[in-house]
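# Results of the structural survey
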Amino acid sequence: MPDQPAAAPEHGRLRLNLLILSIVKFNFASYLTIGLPLAVLPGFVHDGLGYSAFWAGLVISLQYIATLLSRPHAGRYADMWGPKKVVVLGLVGCLISGICILLSALTEGQGVLSLILLCLGRVILGVGQSFSGTGTSLWGVARVGSLHIGRVISWNGIVTYGAMAIGAPLGVVIFRSGGLLLLSGIIIAICVLALALALPRAPVKGSKAKPLPFRDVLGKIYGFGLILAMGSAGFGVIATFITLFYQDKGWDGAAFALTMFSAAFVGTRLLFPNAINKLGGLRVASICFAVEAVGLFLVAGSFDPWMAKMGAFLTGAGFSLVFPAIGVVAVKVVPQQNQGSALATYTAFMDLSLGITGPIAGFILSYAGVSLVYLLTALLVCLALFCTLRMMKRQPQEAAVEIKENA
């Protein structure tokens, strides 16, 4: 974490939010480069290049694997070099991925070469996203002060899901208009514009203090990461299996259930921007887990479409503040010069959770039905709630100090 003073207290709420948005817009750009080709590439690989569904899925998964593996390195480099350099490197990675998509489109007639270029671009995009995402959070905290770390993480999440929600349908429209060549050109243009806006900004210095080894950082924050992983499973099963759940019930409107989840997620972050500062991270997390669990239980036991929609809504509202609420506490258990590594490692637990939730839940679904998937996930979120409450009891003094400092 860079050695930067806290932002002056006279920052108004609007000015504070605008300052944060001026930084997290770079993460919006990086996630837009992820969202734009997301719904297009599987069809290009399967129909355009003639490869199987396995390869179509692998092309998408490579990015998430690269993001997971590179996150700890992104945090460490942000601590050492300063977050601006890491954000710029991340945007360069996104730019290279766009160039790889362009080259893949140009070599579509040479199937193997085109697929290799596409896979290479996805790996580089995954690394670029982990660098830009981690870097923007730390850059934002360096600008507004550690008191507002929860607000920075919340805004970073809003632009992340906003970019994905906008990017996927927009990418389909662009692809239908001009194919992969036009889509890759727009991705490249977005990255060039983001770099042009990022490079002139004042840099933030990295820490000169000796950082802790990665294993020590992991040892301090793994408990928080495991709780985050359990809570993230709720998001994973809604995003992945709500369509199958509706099909199993013979209902229409699965897309609207996803919309309600997303609206609740973003709306909760916008309506309660100061909840973490006022109540403390662990208290907010415990409330969120309770709401998320109720939502998942409601989906599991729904006998009418409105119950499933309400369950998706509550799951989105509950999951919304889980990441920033626990993250605020997690980064404070390591020295300041290691907070970048802590935040990146903590985030990797969510990446891992989302990566394994699909296969495990899919296995359960195949043998026991989709309703049991939601019931077991609700129980897992209840376990996360129990662990959070136990953590609060073990750290009553720290929680009290946190609230006093944030008041």
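Since the structure is predicted, the reported quantities are computational estimates derived from the model, not experimental observations.

Moving on, we get to the overall build of the protein chain. Helix and strand content of the protein chain: 15 helices and 0 strands. Over its C-alpha trace the protein chain gives a radius of gyration of 21 Å, about what one expects of a compact globule, namely 22 Å for 407 residues. Counting only C-alpha atoms and orienting by the principal axes, one finds that the protein chain spans roughly 65 × 55 × 40 Å. Burial status across the protein chain gives 54% buried among its 407 residues. Contacts in the protein chain between residues far apart in sequence, at least 24 positions, make up 85% of those at least 6 positions apart. Surface exposure of the protein chain reaches about 17200 Å², of which carbon and sulfur atoms provide 70%.

On to the confidence of the model for the protein chain, then. The pLDDT averaged across the protein chain works out to 82; a share of 90% of its residues lies at or above 70. Across residues 1-11, where pLDDT falls below 50, the model places 31 contacts with residues more than four positions away in sequence or in other chains. Overall, residues 397-407 carries pLDDT values under 50, and its contacts beyond four positions in sequence, including any with other chains, amount to 16 contacts.

Attention now goes to the side chain of threonine 315. Relative to the assigned elements, threonine 315 resides in helix α11 (residues 305-320). A relative accessible area of 0% means that threonine 315 is categorised as buried. Among the polar contacts listed, one links the side chain of threonine 315 to the backbone oxygen of glycine 311, at a separation of 2.7 Å. Each residue touching threonine 315, except ones within four places of it in the same chain, is listed here: Gly234, Ile238, Phe261, Glu292, Gly295 and Leu296.

Both the distance between ring centres and the angle between the ring planes are used here to describe each pair of aromatic rings. Counted under the stated rule, the structure contains 11 aromatic pairs. Ring geometry for phenylalanine 245 and tyrosine 246: centres 6.4 Å apart, planes at 70 degrees, overall edge-to-face. Owing to a relative accessible area of 0%, phenylalanine 245 belongs among the buried residues under this scheme. Exposure remark for tyrosine 246: the relative accessible area of 1% places this residue in the buried category. Aromatic pair tyrosine 246 and tryptophan 251: ring centres 5.7 Å apart, planes at 80 degrees, arrangement edge-to-face. Looking at tryptophan 251, the relative accessible area reads 18%, which means it is buried. In this structure an aromatic cluster arises from ring pairing among Phe235, Phe261, Phe265 and Phe319.

Next up on the list: the nonpolar core. Among the nonpolar cores identified, the biggest contains 74 residues, and Phe245, Phe289, Tyr346 and Tyr374 are the most heavily contacted of them. Tallying contributions element by element places helix α7 (residues 214-249) first for this core, with 13 residues. The residues contacting tyrosine 346, other than those within four sequence positions of it, are Ile221, Phe224, Gly225, Leu228, Val322, Phe323, Ile326, Gly327 and Ala330. Formed by 42 residues, the second largest nonpolar core is a distinct cluster that contains Tyr31, Val40, Leu41 and Leu91.

In this section: helix α5 (residues 111-144). Residues that lie three or four places apart on an α-helix share one face, since the helix turns once every 3.6 residues. Here α5 contains 34 residues, and its C-alpha end-to-end distance of 49 Å stays within 8% of the 50 Å for a straight helix at 1.5 Å per residue. Buried residues dominate α5, accounting for 25 of its 34 residues.

Applying the stated criterion to the full structure yields 0 disulfides. With no disulfide of its own, cysteine 288 has cysteine 382 as its nearest cysteine by sulfur position, at a separation of 14 Å.

Glancing now at the packing of helix α2 (residues 41-48) against α5. For any two helices packed against each other, the geometry comes down to the angle between their axes and how far apart the axes lie. Two numbers describe how α2 lies on α5: the axes approach to 12 Å, and their chain directions differ by 165 degrees. Looking at the two axes, α2 sits roughly antiparallel to α5. The handedness of the crossing between α2 and α5 is left-handed. Contacts between α2 and α5 pair Leu41, Phe44 and Val45 from the former with Ser114, Leu115, Leu118 and Arg122 from the latter. A breakdown of the residues in the contact of α2 with α5 according to their chemical character gives 5 nonpolar, 1 polar and 1 charged.

The subject of this paragraph is the environment of glycine 301. Along the chain, glycine 301 turns up in the loop between α10 (281-300) and α11. The partly exposed category is assigned to glycine 301, whose relative accessible area is 44%.

A word on the environment of cysteine 382. For cysteine 382, the position within the fold is in helix α14 (residues 370-394). Dropping the residues within four chain positions of it, cysteine 382 is found in contact with Ala293 and Phe297.

Quick look at helix α8 (residues 254-271) now. Here α8 is 18 residues long and its end C-alpha atoms lie 25 Å apart, about the 26 Å a rise of 1.5 Å per residue gives. Buried within α8 we find Ala254, Ala257, Met260, Phe261, Ala264, Phe265, Thr268 and Arg269. Buried residues of α8, viewed axially, fall in a sector of 155 degrees; they line one side. Away from the buried face of α8 by more than 90 degrees, exposed residues Ala255 and Leu271 are located.

Now for the side chain of threonine 67. Residue position: threonine 67 is located in helix α3 (residues 53-81). Apart from residues no more than four positions distant in its own chain, threonine 67 is found in contact with Gly126, Gln129, Ser130 and Asp351.

About the cut-offs
Residues numbered from 1 in each chain as written. Predicted model: local features only at pLDDT ≥ 70, side-chain atom pairs only at ≥ 80, totals over all residues. Heavy atoms only, no water. Helix = DSSP H or I, 4+ residues; strand = E, 2+ residues; numbered from the N terminus. Rg over C-alpha atoms; globule rule 2.2 N^0.38 Å. Buried < 20%, exposed > 50% of the residue type's maximum accessible area, 1.4 Å probe, protein only. Contact = heavy atoms within 4.5 Å. Areas by Shrake-Rupley, 256 points an atom, 1.4 Å probe, with all protein chains shown as cover. pLDDT = per-residue confidence, 0-100. Polar contact = N/O pair within 3.5 Å; in protein donor to acceptor, adjacent residues only side chain to side chain. Phe/Tyr/Trp six-rings, centres within 6.5 Å; stacked < 30°, edge-to-face > 60°. Core = buried A, V, L, I, M, F, W, Y, C linked by side-chain atoms within 4.5 Å. Expected span 1.5 Å × (residues − 1). Disulfide = S-S within 2.5 Å. Axes fitted to C-alpha atoms, helices over the stretch in contact; angles between N-to-C directions. Parallel < 35°, antiparallel > 145°, perpendicular 65-115°, else oblique. Left-handed = near helix turned anticlockwise from the far one by under 90°. Nonpolar A, V, L, I, M, F, W, Y, C, P; charged D, E, K, R; others polar. Arc of directions from axis to C-beta.

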